[in-house]
Amino acid sequence: MYACAKFVSTPSLIRAGSRVLYRPLSAAVVSDARKAESASLLAPQSTVASQQQVAVRGFQTSAVSRDIDTAAKFIGAGAATVGVAGSGAGIGTVFGSLIIGYARNPSLKQQLFSYAILGFALSEAMGLFCLMVAFLILFAM
């Protein structure tokens, strides 16, 4: 196990892998192809193959990481917009209760209507807060 870890973490392999992460793909592929041709004459075939494998794997990991971050943003924004549906249900409940209350006691029309407007405003505010959080997740992070 120690011998295997020693082979994987050699300084030349680490330098080759870290250089690939900040260079464009075209430069990395062209220079690795040139290195492979010159190194095949000087080094055994297994060392050359392992350096090329590190270069390809580093590029794939960064692209996959970016895709996962983008997917997480969309999932988070979608989860945050669920509150907007709750706001719609809350507004429907408020005005449904207003109609039922008015049907039971028409003399309290003004007081019931002021309570309904207050309930509507609070429910709508919560929906707008959820929408704001969704936009923050999408565009601010």
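Each value, and the rule that gives it
Residues numbered from 1 in each chain as written. Predicted model: local features only at pLDDT ≥ 70, side-chain atom pairs only at ≥ 80, totals over all residues. Heavy atoms only, no water. Axes fitted to C-alpha atoms, helices over the stretch in contact; angles between N-to-C directions. Helix = DSSP H or I, 4+ residues; strand = E, 2+ residues; numbered from the N terminus. Parallel < 35°, antiparallel > 145°, perpendicular 65-115°, else oblique. Contact = heavy atoms within 4.5 Å. Nonpolar A, V, L, I, M, F, W, Y, C, P; charged D, E, K, R; others polar. Expected span 1.5 Å × (residues − 1). Buried < 20%, exposed > 50% of the residue type's maximum accessible area, 1.4 Å probe, protein only. Patch = residues over 30% accessible without salt bridge, like charges linked within 9 Å, V, L, I, M, F, W, Y side chains within 5 Å. Areas by Shrake-Rupley, 256 points an atom, 1.4 Å probe, with all protein chains shown as cover. Salt bridge = Lys/Arg side-chain N within 4 Å of Asp/Glu carboxyl O.

Draft legend 1. How the structure looks around the packing of helix α5 (residues 82-104) against helix α6 (residues 109-139). For the pair α5 and α6, interaxial distance at closest approach is 8 Å and the crossing angle is 175°. Relative to α6, α5 is oriented roughly antiparallel. Note on element contacts: α6 touches α5 through Lys 109, Leu 112, Phe 113, Ala 116, Gly 119, Phe 120, Ser 123, Glu 124, Gly 127, Cys 130 and Leu 131, opposite Gly 83, Val 84, Ser 87, Gly 90, Ile 91, Val 94, Phe 95, Leu 98, Gly 101 and Tyr 102. Looking at the contact of α5 with α6 residue by residue, the classes come out as 12 nonpolar, 7 polar and 2 charged.

Draft legend 2. Highlighting α5. The end-to-end C-alpha distance of α5 is 33 Å, a good match for the 33 Å that 23 residues give at a rise of 1.5 Å each. Buried residues in α5 make contact with α6.

Draft legend 3. Main features of the side chain of Ser 123. Looking at the element boundaries, Ser 123 is found in helix α6. Classification of Ser 123 by relative accessible area gives buried; the value is 13%. What Ser 123 contacts, discounting residues up to four positions off in sequence, is Ser 87, Gly 90 and Ile 91.

Draft legend 4. Structural view of a nonpolar patch on the surface. A contiguous nonpolar surface patch, about 490 Å² in accessible area, is contributed by Val 84, Leu 128, Leu 131, Phe 135 and Phe 139. Structurally, Phe 135 can be placed in helix α6. The exposure class of Phe 135 is partly exposed, given its relative accessible area of 46%.

Draft legend 5. Geometry of the environment of Phe 95. By the element assignment, Phe 95 lies in helix α5. Measuring from C-alpha to C-alpha, the distance between Phe 95 and Leu 112 comes to 10.0 Å, with 17 residues separating the pair along the chain. In contact with Phe 95, other than residues within four places in its own chain, are Ala 116 and Phe 120.

Interpretation in functional terms is not warranted from these geometric data alone.
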